[in-house]
Amino acid sequence: AEAKERNRESWFLAFIMDTNEEERAKGKTVEVGRAKFETDLHRYSILDAPGHKNYVPNMIMGASQADVGVLVISARKGEFEAGFDKGGQTREHALLAKTLGVTYLVVVINKMDEPTVKWSKDRYDECIGKLRPFLKGCGFKIKKEVKFMPISGLNGANVKDEVAESECGWWKKMWQAGDNNTDKPTLMSLLDSLDMKGRVADAPVRIPVLDRYTDRGTIAMGKVESGTIRPGMKVTVMPTRQKFKVDGVWSEETPLASARPGENVLVKLSGASMEEIQKGFVICTEPACRSVDKLICQIMVMDLPDQARILTAGFTANFHAHCAEEEATVTKIFETTDRKGKVTKGARFANIGQTVICMIELARTVPLEAFDDYPFLGRFTLRTEGKTCAIGVIKKLPPKKE
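Novice: Looking at this model, I keep getting lost on the pairing of strand E4 (residues 104–110). Mind explaining?
Specialist: Two faces belong to every sheet, and in a regular strand the side chains alternate between them. Within E4, seven of the seven residues are buried, which leaves the element mostly enclosed by the surrounding structure. Of the two faces of E4, the one holding Tyr104, Val106, Val108 and Asn110 and the one holding Leu105, Val107 and Ile109 are both buried throughout. Both strand E3 (residues 68–74) and E4 contribute to a ladder of seven bridges, which runs parallel. Following the sheet pairing, Val70 is matched in E4 by Val106. Sheet analysis places E4 next to strand E5 (residues 146–150), joined by five bridges and oriented parallel. Along E5, the bridge assignment pairs Leu105 with Val146.

Structure representation (C-alpha cells):
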C-alpha cells in the first residue's frame, strides 16, 4: 500500500526488497539488497542489485556473488526501448553479469499484465527478438545459458504459480514445447531446475572477501567459490599471506559445520584485525592463490571516455575483479582482433568493439588466477569515468618467484 501512495504500483515486488528510506523515496535500488527464500529443493539468497547507472559499482558487488542473473525487462511500451538505447542500463548489466561469472541468465519479461501489453504474444516475441542478438554480443550462449519467461510481478503470474490460461492462452504450449530453451512454467520451478557447474567442493578453498566487520573479532563476508570451509581449519589470506584459524562459519545467523561452493557465508578468523582482512582479499587454503601486480589478459573494449576515443599503452582505469578494486594501466598491446576477426599483431591502439591481448600493471598486488584455472578469480572489468570500458579474462600471470 505504501508503494501505491508513492505512485509506484508495479514496484510492489521491488518494494519488499528495498528496505532503506533513501531507496523508497527514489524508487530505485541503491545498495545490494539481500533476502532469502527457500523452495523444496534449494536455499536461495536474492541479491537485488541496483539498475541505475550511478550505482554500477554496487551492481558489480551484487553480481560477483551470484550464480544466476535474473534480468528483469519491462514489456511496457517505451520502457523496454528505454533500457536499450546507447546509454541504457540493460546493456551494461548484461555485460557485467557475464564477466562476473553469472552462469545462467534468466530474462523475465515483466509487466505482461500492463494495459499496453495485455499478455500479447507478439509483444513478448518482439522483446525476446531484440534481446537475443544483444545478449549474444555480451558473450552469452543463447541456446545454453539464457532462459526467457513472461511474468507479472504485480499479480505474481508465472512467479510461483502459472498464469491462468484465460489470461494468456499461449504460454502453456510454449514452455511445454521447450521454446527459447525454457521448459518450466514458472520462475521458481525454472530456478530449481538449473544445474550449477564448476562447483568443486574438494578443491582448495577460495573465498573473495566482500566486506568485513567487527563483532568480538573480525568477521569476513563472502561467497565460497571453491573448496569446503569448516571451523577449525587453517587458512591463508592473500595477498598478505597471513595465516589464521577459522573460528566459525555462518550463513546469515545460522552457524554451519561446513560451507560448500556457492554459499554466501560469514567467516570469523581468530586474532585477525580489521586491517588484516580487507575487501578484495581472498581467504584460501594451501596452495593459496596467486597475488600479482602484472598480468597478460584478453579484453573486449566496450566503451571509452569522451576525451580518449582509442585505447593505447598508458591507458589508465579502475580494475575490478571478484571483490577487489585497484588502479590499473595498460602497459603494452600485443594484438587486436576486430569484429570481423581480422588480427593485427603489434597494434599501437585499439578501438571500441575490438578484442585486445594486452599487459596490465596494477598499482598494488591483487589476488588473482588465470581464467582457465579459476574462472571466478580470472575475470575482470575496467571502468573509468563511471562507465565500463572493457571486460576481460586473465590469460597469463608472471612466473612464480620461488
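Novice: Where do I start with the pattern of salt bridges in this structure?
Specialist: Charged atoms that come close allow side chains of opposite charge to pair. Counted according to the given criterion, the structure contains 11 salt bridges. A salt bridge links Glu126 to Lys130, with the shortest nitrogen-to-oxygen separation between them at 3.3 Å. Placement of both Glu126 and Lys130 in helix H7 (residues 121–137) is noted, with a separation of four residues, approximately one turn of the helix. Residue classification places Lys130 among the partly exposed residues on the basis of a relative accessible area of 40%. When the shortest N-O distance is used, the salt bridge between Glu162 and Lys172 registers 3.3 Å. Here Lys172 lies in helix H9 (residues 171–176) and Glu162 lies in the loop between E5 and H9, a separation of 10 residues in the sequence. For Lys172, a relative accessible area of 27% gives the class partly exposed.

Novice: Help me understand the nonpolar core, please; the structure alone is not making it clear to me.
Specialist: Core analysis: the biggest nonpolar cluster contains 40 residues, and Val107, Ile109, Tyr124, Leu131, Leu135, Phe148 and Trp171 have the highest contact counts within it. For this core, the secondary structure elements donating two or more residues are E3, E4, H7, E5, H9 and helix H10 (187–193). Grouped together as the second largest cluster of nonpolar side chains are 29 residues, Val292, Phe319, Ile333 and Phe380 included.

Novice: Help me understand unusual backbone geometry, please; the structure alone is not making it clear to me.
Specialist: Most peptide bonds take the trans form, and the phi angle of most residues other than glycine is negative. With an omega of 10 degrees, the peptide bond running from Met238 to Pro239 counts as cis. Within the secondary structure layout, Pro239 lies in the loop between strand E8 (234–238) and strand E9 (242–251). A cis amide bond, omega -5 degrees, links Glu286 with the succeeding residue Pro287. By the element assignment, Pro287 lies in the loop between strand E12 (282–284) and strand E13 (290–301). A positive phi angle is found at Arg241, which is not glycine, with a value near 65 degrees. Its location among the elements puts Arg241 in the loop between E8 and E9. Of note, the phi angle at Glu252 is positive, near 50 degrees, even though the residue is not glycine.

Novice: Help me out: how do you make sense of the sheet that holds E4 in this one?
Specialist: The strands that make up a sheet are held in pairs by hydrogen bonds between backbone atoms, and each pair lies either parallel or antiparallel. Taken in spatial order, the three strands of this open sheet run E3-E4-E5, and their pairing is parallel. Strands with a single pairing partner mark the edges of an open sheet, and in this sheet they are E3 and E5. Pairwise comparison of adjacent strand axes, ignoring direction, gives a mean angle of 20 degrees for this sheet.

Novice: Before we go on, may I ask you to explain the environment of Met174 in this structure?
Specialist: By the secondary structure assignment, Met174 is in helix H9. C-alpha separation for the pair Met174 and Pro185, spaced 11 residues apart in sequence, amounts to 9.1 Å. Among residues more than four places away in sequence, those in contact with Met174 are Lys121, Tyr124, Asp125, Asp179, Asn180 and Thr182.

About the cut-offs
Residues numbered from 1 in each chain as written. Predicted model: local features only at pLDDT ≥ 70, side-chain atom pairs only at ≥ 80, totals over all residues. Heavy atoms only, no water. Buried < 20%, exposed > 50% of the residue type's maximum accessible area, 1.4 Å probe, protein only. Helix = DSSP H or I, 4+ residues; strand = E, 2+ residues; numbered from the N terminus. Pairing = 2+ DSSP bridges. Salt bridge = Lys/Arg side-chain N within 4 Å of Asp/Glu carboxyl O. Core = buried A, V, L, I, M, F, W, Y, C linked by side-chain atoms within 4.5 Å. Axes fitted to C-alpha atoms, helices over the stretch in contact; angles between N-to-C directions. Contact = heavy atoms within 4.5 Å.

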